[in-house]
Amino acid sequence: MLRPALTATALALAPVPGAAHPHMFVETAVTLEADAEGRITAVEVTWTYDEFSTLMILEDMGLDPDGDAELTEAELAELRGFDLEIWPEDFEGDIYLRRGEATADIGLPEATGIAVENARIVASHRRPVAPVPAAGAVLEAYDPTFFVDYTLTQVTPPEGCRAEIEPADEAAADRKVAEMAGAVDEMTFEVLEVGHLYADAARIACAPSS
C-alpha cells in the first residue's frame, strides 16, 4: 500500500490520545478465482481511494496539474501500479485469506487496471494464491497499523459459492483500543497494531460437489 505520498500530511494531523486514527480510507472489492477442484488460486483486488488521498497522491506524482480529476491516457499509464511499487518481502498486501488455523500464501501483485472515477483513484491488481479450498475460507482486508481503514464492499466468490460480508464491530474495536491505551504509555500505544480489530470479513460457503 502506498503511504509515502501522505506521510507529511499524516504527521501534521494531531492524533487523538488513546484512539485509533486512520489517515487513508479505501473501499475494497475482491474477486476470488478458483480451479476445477474448487480451490482458490488467485485474488483480484480493487482499491478505491478516498478523494483527499487521491488528491494528495496525484499532487505527489505531479499528475493532473489542472486539478480536474480527469487524467490523460499518458497520466493513467504513469499512475498504473503506483501502489505496488513499494512492496517489502514481509508485506502481506493488507489482504488475508485463511481457512481454519491456516493462512493462505498470497503471491506478489500484478497491476490489472487503473482509473479515476468521481475524483477517486480506482486501482486493481491480481495476486496468485497457493491453492486453498474455497469452502470455509475467510477473507479479511485490513492494515495492521490502521494507517489505512479498509471497507470490504464486495467479494465475488467462485462459481457455486457465496460470500457473506461481516462488517467489523467498530464499537467493540474502540472499546478494546481504549483498554489497550490504558495499559501502555503513549509511545507504545502509537506502535500497537490494532487494524485487525477493525477488519471486515467475508466468509465463503460453497454447495457440496456432486
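About the thresholds
- Residues numbered from 1 in each chain as written.
- Predicted model: local features only at pLDDT ≥ 70, side-chain atom pairs only at ≥ 80, totals over all residues.
- Heavy atoms only, no water.
- Helix = DSSP H or I, 4+ residues; strand = E, 2+ residues; numbered from the N terminus.
- Buried < 20%, exposed > 50% of the residue type's maximum accessible area, 1.4 Å probe, protein only.
- Contact = heavy atoms within 4.5 Å.
- Areas by Shrake-Rupley, 256 points an atom, 1.4 Å probe, with all protein chains shown as cover.
- Pairing = 2+ DSSP bridges.
- Axes fitted to C-alpha atoms, helices over the stretch in contact; angles between N-to-C directions.
- Polar contact = N/O pair within 3.5 Å; in protein donor to acceptor, adjacent residues only side chain to side chain.
- 1 Å grid on protein atoms, 1.4 Å probe; cavity = no way out; pocket = protein on both sides within 12 Å on 5 of 7 lines; lining within 4 Å.
- Points joined across faces, edges and corners; volume = space filled by probe spheres on them.
- Nonpolar A, V, L, I, M, F, W, Y, C, P; charged D, E, K, R; others polar.
- Disulfide = S-S within 2.5 Å.
- Salt bridge = Lys/Arg side-chain N within 4 Å of Asp/Glu carboxyl O.
- Phe/Tyr/Trp six-rings, centres within 6.5 Å; stacked < 30°, edge-to-face > 60°.

**Examining the overall build of the protein**
Reasoning step 1: Counting secondary structure elements, the protein contains five helices and 10 strands.
Reasoning step 2: Within the protein, the proportion of its 210 residues that are buried is 43%.
Reasoning step 3: In the protein, 71% of the contacts between residues at least 6 apart in sequence involve partners at least 24 apart.
Reasoning step 4: Split by element, the accessible area of the protein, about 11,300 Å² in all, is 51% carbon and sulfur.

**Things to note about the sheet that holds strand 1 (residues 24-34)**
Reasoning step 1: One open sheet accounts for five strands, arranged 5-6-2-1-8; its pairing is mixed. This sheet does not close on itself; its edge strands, each paired only once, are strand 5 (110-117) and strand 8 (148-156). Along the sheet, successive strands turn relative to each other by an average axial angle of 25°, direction set aside.
Reasoning step 2: Relative to strand 2 (residues 39-49), strand 1 runs antiparallel, the two sharing nine bridges. Bridge pairing in strand 2 places Ala29 opposite Thr46.

**Examining helix 2 (residues 51-60)**
Reasoning step 1: Along helix 2, the residues that are buried comprise Ser53, Thr54, Met56, Ile57 and Leu58.
Reasoning step 2: Two or three places before Phe52, at the start of helix 2, stands the capping residue Asp50, its side-chain oxygen 3.1 Å from that residue's backbone nitrogen.
Reasoning step 3: Following helix 2 by one or two positions, Gly62 adopts a phi angle in the positive range, close to 70°.

**Observations regarding the layout of surface pockets**
Reasoning step 1: By volume, the second largest pocket amounts to about 270 Å³.
Reasoning step 2: Along its surface, the second largest pocket is lined by 15 residues, and Glu37, Gly38, Glu159, Cys161 and Cys206 are the ones closest to its centre.
Reasoning step 3: Partitioning the lining of the second largest pocket into residue classes produces nine nonpolar, three polar and three charged.

**Quick notes on the state of the cysteines**
Reasoning step 1: Using the criterion set out here, one finds one disulfide in the structure.
Reasoning step 2: Each sulfur of the disulfide joining Cys161 and Cys206 lies 2.0 Å from the other. Looking along the S-S bond of the Cys161-Cys206 disulfide, the torsion reads about 100°, which is the right-handed sense. Residue Cys161 is located in strand 9 (residues 161-166), and its partner Cys206 is located in strand 10 (residues 200-206); the two are separated by 45 residues in the primary sequence.
Reasoning step 3: On the basis of relative accessibility, which here comes to 25%, the residue Cys206 falls in the partly exposed class.

**Quick notes on the pattern of salt bridges**
Reasoning step 1: For the coordinates displayed, the defined rule picks out six salt bridges.
Reasoning step 2: Here Asp35 ties to Arg39 by a salt bridge, and the two come within 2.8 Å at their closest N and O atoms.
Reasoning step 3: Exposure remark for Arg39: the relative accessible area of 29% places this residue in the partly exposed category.
Reasoning step 4: The closest approach of N and O atoms between Arg203 and Glu166, which form a salt bridge, is 3.0 Å. Pair noted here: Arg203 is in strand 10 and Glu166 is in strand 9, with a separation of 37 residues, a long-range link.

**So, the environment of Ala202**
Reasoning step 1: When you line up the elements, Ala202 lands in strand 10.
Reasoning step 2: By relative accessible area, Ala202 is classed as buried at 0%.
Reasoning step 3: Each C-alpha atom of the pair Ala202 and Thr153 lies 9.9 Å from the other, and the pair is 49 residues apart in sequence.
Reasoning step 4: Once residues lying within four places of it in the same chain are set aside, the contact partners of Ala202 are Ala137, Val138, Leu139, Leu152, Val155, Glu164 and Ile165.

**Quick word on the packing of aromatic side chains**
Reasoning step 1: Using the criterion set out here, one finds five aromatic pairs in the structure.
Reasoning step 2: Centre to centre, the rings of Tyr96 and Tyr142 are 4.4 Å apart; their planes meet at 15°, and the pair counts as stacked. Linking Tyr96 in strand 3 (residues 95-99) with Tyr142 in the loop between strand 7 (138-141) and strand 8, this pair joins segments that are 46 residues apart in sequence.
Reasoning step 3: Tyr96 sits in the buried class, given a relative accessible area of 15%.
Reasoning step 4: Overall, Tyr142 belongs to the buried group, its relative accessible area being 15%.

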